[in-house]
Amino acid sequence: MSGRVLRVEADRELCCSAGMCALTVPEVFDQSDADGTVVVLDAQPADRHHAALREAVRSCPSGAIRLSVRDVSGKVVAGE
């Protein structure tokens, strides 16, 4: 993905606090101590986490996690 970056975004309003994301990729996600909603620890994670991130998106029961591919200027070139 030379010149492109995978970016992680989470909508805390949609999050139902199931914790699947934090269980799947604890290096990228955590849960809030206050209400259990998703906390993104690394919005631009290393390539080694990309497969697990896609699994976290598929596993999220509320659809609160989104992945997008951005170019070096930050423009979205693909959404997942």
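Everything below is about the structure shown above.
Below, the structure is looked at part by part. Every value quoted in this text rests on a predicted model; they were computed, and no experiment measured them.

## Topic: unusual backbone geometry
Phi is positive for Ser-17, which is not a glycine, with a value near 65°. Positionally, Ser-17 belongs in the loop between β1 (4-10) and α1 (20-24). On the basis of relative accessible area, Ser-17 is assigned to the partly exposed category, the value being 28%.

## Thoughts on the pairing of strand β4 (residues 65-71)
For β4, the tally of buried residues reaches five of seven residues, placing the bulk of the element in the interior. Taken together, the seven bridges between β1 and β4 define a ladder with antiparallel strand orientation. In the strand pairing of β4, Glu-9 is matched with Arg-66.

## Quick notes on the nonpolar core
Counting 16 residues, the largest nonpolar core has Val-8, Cys-21, Val-25, Val-28, Phe-29, Leu-53 and Ile-65 as its most contacted members. If you list the elements that add at least two residues to this core, you get β1, α1, α2 (50-59) and β4. Top contributing element to this core by residue count: β4, with three residues. Not counting chain neighbours up to four residues away, the residues in contact with Cys-21 comprise Pro-26, Phe-29, Val-38, Ala-56 and Ile-65.

## Structural notes on the state of the cysteines
In the structure shown here, the tally under the stated rule is zero disulfides. As a non-bridged cysteine, Cys-16 has Cys-15 as the owner of its nearest cysteine sulfur, 5.9 Å distant. Cys-16 provides the cysteine sulfur closest to Cys-60, a residue in no disulfide bond, and the two sulfurs are 6.3 Å apart. A relative accessible area of 16% places Cys-60 in the buried class.

## Description of the pattern of salt bridges
Side-chain pairs of opposite charge can arise where the charged atoms are in close proximity. Enumeration over the complete set of coordinates arrives at three salt bridges. For Arg-66, the salt bridge is made with Glu-9, and the minimal N-O distance between the two is 3.5 Å. Here Glu-9 lies in strand β1 and Arg-66 lies in strand β4, a separation of 57 residues in the sequence. Using a relative accessible area of 36% as the deciding quantity, one classes Arg-66 as partly exposed. For Glu-9, a relative accessible area of 26% gives the class partly exposed.

Here is what the cut-offs are and how they apply
- Residues numbered from 1 in each chain as written.
- Predicted model: local features only at pLDDT ≥ 70, side-chain atom pairs only at ≥ 80, totals over all residues.
- Heavy atoms only, no water.
- Helix = DSSP H or I, 4+ residues; strand = E, 2+ residues; numbered from the N terminus.
- Buried < 20%, exposed > 50% of the residue type's maximum accessible area, 1.4 Å probe, protein only.
- Pairing = 2+ DSSP bridges.
- Core = buried A, V, L, I, M, F, W, Y, C linked by side-chain atoms within 4.5 Å.
- Contact = heavy atoms within 4.5 Å.
- Disulfide = S-S within 2.5 Å.
- Salt bridge = Lys/Arg side-chain N within 4 Å of Asp/Glu carboxyl O.

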